[in-house]
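# Reading the structure
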Amino acid sequence: MRSINSRGLFSGTGLIVTGLAATLVAMIFPIWSYADRSGTGVDTLNAQTLSTRYGPLSALDREFVTKVRLAGLWELPAGQQAEERGTTKAVKTAGEHLVEGHTFLDERVRDVASQLGLQLPNQPNEQQRGWLGTLSAARGEEYDVQFANILRKAHGKVFGLVAQVRASTRNSLVRGLADDANTTVLDHITVLEATGLVDFDALARDAATASPPPLTSSPAPPGPTDSPSAPVPVSPSPAPSTSRTYTLPPPATSRPPDTSEDKKP
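In short, a report on the structure. (Residues numbered from 1 in each chain as written. Predicted model: local features only at pLDDT ≥ 70, side-chain atom pairs only at ≥ 80, totals over all residues. Heavy atoms only, no water.)

Another point: the overall build of the protein. Scanning the protein for helices and strands turns up eight helices and zero strands. Sequence-ordered secondary structure for the protein, helices as α and strands as β, is α-α-α-α-α-α-α-α. Taken across its 265 residues, the protein has 31% of its residues classed as buried. Looking at the protein alone, contacts between residues at least 24 apart form 81% of all its contacts between residues at least 6 apart. Accessible area of the protein: about 16,800 Å², with a carbon and sulfur share of 59%. (Helix = DSSP H or I, 4+ residues; strand = E, 2+ residues; numbered from the N terminus. Buried < 20%, exposed > 50% of the residue type's maximum accessible area, 1.4 Å probe, protein only. Contact = heavy atoms within 4.5 Å. Areas by Shrake-Rupley, 256 points an atom, 1.4 Å probe, with all protein chains shown as cover.)

Structural data, given as structure tokens:
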């Protein structure tokens, strides 16, 4: 009987000790996992941020500067093309705004990149070249539709990045560039929508596909629930062999200008 009680006491004590140890480990693990673990959002921000005389320059800031340059490399030629090929005054006007806006923004971004010592691309990326190819292959009313929707979709995507950078950047040069980009992009969105050719249903579906689903189901909206008919796809005509080429903005430079104040004239 004594041995049985002794084993029961030992077993109960062991369980208690084991349970306390497990509880202690469970309390320590979250502290190690999150508070003392590298790779958190703040750690990543600090690791990817450079110091400049104009304030910290984050990885998002540098991405934004690059994307402003890339936008001009294909949207400026697209605007020149729309001025020539557009079949309506609204499309031609939108093309004029693209040319004016991105001529201004490209000068701004090259100046900012020069002062920050950043290298910029001198050619559109593969996706942008594909968009230009689609536009070059289109003619007539088809061109108008392709131009309005391709450019409106692209501007909608960059609009969110501009807002994010403007809200979070600590660099004064990037902040000023974001202000100018916000004004320019909003102007371009407005004139593109003024063509009356933008497919807002397609834009909404694209945004819904790119965004994560909501955590809870939203109630159905009041009123009719019939879905609008899908847009009819169009087939672009082959581009002519003697298609006109459109000029790109001037090459970018990464050499900072001499801004020393003690330099005598």
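Anyway, onward from the coordinates.
Turning next to the environment of Leu203. Note that Leu203 resides in helix α8 (residues 200-210). Residue classification places Leu203 among the buried positions, given a relative accessible area of 18%. For the pair Leu203 and Lys153, spaced 50 residues apart in the sequence, the C-alpha separation amounts to 6.7 Å. Leu203 has contacts with Arg152, Lys153 and Val198, leaving out every residue within four places of it along the chain.

It is worth spelling out the pattern of salt bridges at this point. Tallying each qualifying case throughout the model produces eight salt bridges. For Arg108, the salt bridge identified is with Asp180, shortest N-O distance 2.6 Å. Residue Arg108 is found in helix α4 (residues 89-116), and its partner Asp180 is found in helix α7 (residues 172-193); the two are separated by 72 residues along the sequence. Residues participating in the shared-partner salt-bridge network are Arg69, Asp106 and Arg110. (Salt bridge = Lys/Arg side-chain N within 4 Å of Asp/Glu carboxyl O.)

Geometric descriptors of this kind do not, in isolation, establish any biological role.
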